[in-house]
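Report on the structure
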Amino acid sequence: MTVDLLLGLQWGDEGKGKIVDVLTSNYDIIARFQGGPNAGHTLEFDGIKHVLRTIPSGIFHKKSVNIIGNGVVIDPVVFQKEIEGLEKFNLDIKSKLIISRKAHLILPTHRLLDAASEASKGKAKIGSTLKGIGPTYMDKTGRNGLRVGDIELEDFKERYRALADKHEAMIAFYDVAIQYNLAELEKEFFEAIEELKKLDFIDSEEYMHQAQKAGKSILCEGAQGSLLDVDFGTYPFVTSSNTTAAGACTGLGIAPNKIKEVYGIFKAYVTRVGSGPFPTELFDEVGATMARVGNEFGSVTGRQRRCGWLDLVALKYAIQVNGVTQLMMMKGDVLSGFETLKVCTEYNYKGQNISHFPYNIEPENVTPVYKEFKGWQADLTGMTSYDQLPIELKEYIEFIEKEVEVPIKIVSVGPDRKQTITK
């Protein structure tokens, strides 16, 4: 029996979906533990690109069972479209995908609340994806939310109406102009609820407990990244859930002492979507080249990602908070062609050099301190073994390992599942 975690260590978009896809054949169960359809996990194989929003990345493997845990928030409309998009692949979704009764539902009015709240902030907006994630988690912690298990109750529609009416009063309070037809949105919502009912709902914490007793191997899959964690991220420019290792315990009902390996995923550089501080962000042609070569556009939102050099202060912080045991470096191929690479090793914080991640990393407080490395020109995308990698890349990898004191076990050199080098 093993329970392993796979987490992003930056601001999301690290390439978790690809690694889960690569690792899935080793596990009986893939379980998503937090987040909602604002996350997009991109998988690429057999010449086809797949974007999953709520469904775990193990859905394409025949043997694995996929669980949507209690820590996830589900938009039935988005979820239905996601399932419809998978129909052409002849997957046995009914037997491969099960949902926790304790997962919360995103209502149409949650999305409207999200839009109204963001619009009311003007220039101070946090860069919400407007998928209703934040308002849904607010209802969860405020003990107002509707859960998947409520769908099975006779008075579900009455419960829905009471919450939706409350939301409409809140939308009016924001006093911003947003156009919507709630009757149309609700029709779509309740049709999607009927589709959701065709899947099996489970008491996921009991299911996970029995799976562990039966010796099943489990991979817990996070969404977003550690620097977006509601507690440990760059608050308030964060998501609304715990994206760190602790979130797997609360989002699936797994005891901390059952967790074995914690796989940490990071890019060879750094990206960020939306607003918020980003110490190593590049505003020059180098950053633009990273974005172009790395195809740095959000898989769900389509938003261009901000790009910058690797930040070891932030990476070490994420490794610490999560207890990472193995690292996997993504998109090493994107850095091919740069004459010089930079890595942030310290921050100059209010005039003093520090190596820890402080409370505030706004640009008026933090200036990155860089170490330079010689770049490499070789095209990595066809390489299949660590020995083939250029010496400059190996030196880059070895420096990171020495600084963070955790081994890098996998180096990704392209988007396809085959473009994965095990060290």
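Residues numbered from 1 in each chain as written. Predicted model: local features only at pLDDT ≥ 70, side-chain atom pairs only at ≥ 80, totals over all residues. Heavy atoms only, no water.

Counting its regular elements, the protein contains twelve helices and 20 strands. For the protein, whose C-alpha radius of gyration is 21 Å, the value lies close to the compact-globule estimate of 22 Å for 423 residues. Every one of the 423 residues in the protein was classed for burial, and the buried ones make up 57%. Here the analysis covers contacts within the protein between residues at least 6 apart in sequence; of these, 76% occur between residues at least 24 apart. Working note: accessible area of the protein is about 18200 Å², and carbon and sulfur atoms make up 50% of it. A distance of 2 Å separates the average location of the 50 positive side-chain charges in the protein from that of its 57 negative side-chain charges. (Helix = DSSP H or I, 4+ residues; strand = E, 2+ residues; numbered from the N terminus. Rg over C-alpha atoms; globule rule 2.2 N^0.38 Å. Buried < 20%, exposed > 50% of the residue type's maximum accessible area, 1.4 Å probe, protein only. Contact = heavy atoms within 4.5 Å. Areas by Shrake-Rupley, 256 points an atom, 1.4 Å probe, with all protein chains shown as cover. Lys, Arg positive; Asp, Glu negative; His and termini not counted. Charge placed at Lys NZ, Arg CZ, Asp CG, Glu CD.)

With that out of the way, let us pick up the packing of aromatic side chains. Under the counting rule described, the total for this entry stands at 13 aromatic pairs. With a centroid separation of 5.3 Å and 55 degrees between ring planes, the pair formed by Trp 11 and Phe 278 is classed as tilted. You can see Trp 11 sitting in the loop between strand 1 (2-8) and helix 1 (16-23) and its partner Phe 278 sitting in the loop between strand 12 (270-272) and helix 10 (285-293), a full 267 residues away along the chain. With relative accessibility at 3%, the residue Trp 11 sits in the buried group. (Phe/Tyr/Trp six-rings, centres within 6.5 Å; stacked < 30°, edge-to-face > 60°.)

Moving on, we get to the domain arrangement of the protein. By a widespread convention, an interface's size corresponds to the accessible area lost as its parts come together. By the assigned domains, the protein splits into domain 1 (1-100 + 200-261), domain 2 (102-194) and domain 3 (266-420). Of note, the centres of domain 1 and domain 3, computed from C-alpha atoms alone, are 24 Å apart. Taken together, the contact between domain 1 and domain 3 spans 37 residues of the former and 41 residues of the latter. On the domain 1 side of the interface with domain 3, the three residues burying the most area are Leu 9, Trp 11 and Lys 18, jointly 24% of the side's total. The tally of links between domain 1 and domain 3 comes to one salt bridge. Counting across the domain 1 and domain 3 interface gives 16 residue pairs in polar contact (both at pLDDT 80 or more). When residues of the side of domain 1 that touches domain 3 are traced back to their parent elements, those giving at least two are helix 1, strand 3 (41-45), strand 4 (48-52) and strand 11 (259-267). (Domains from an automatic or database assignment. Buried area = accessible area lost by both parts, 1.4 Å probe. Salt bridge = Lys/Arg side-chain N within 4 Å of Asp/Glu carboxyl O. Polar contact = N/O pair within 3.5 Å; in protein donor to acceptor, adjacent residues only side chain to side chain.)

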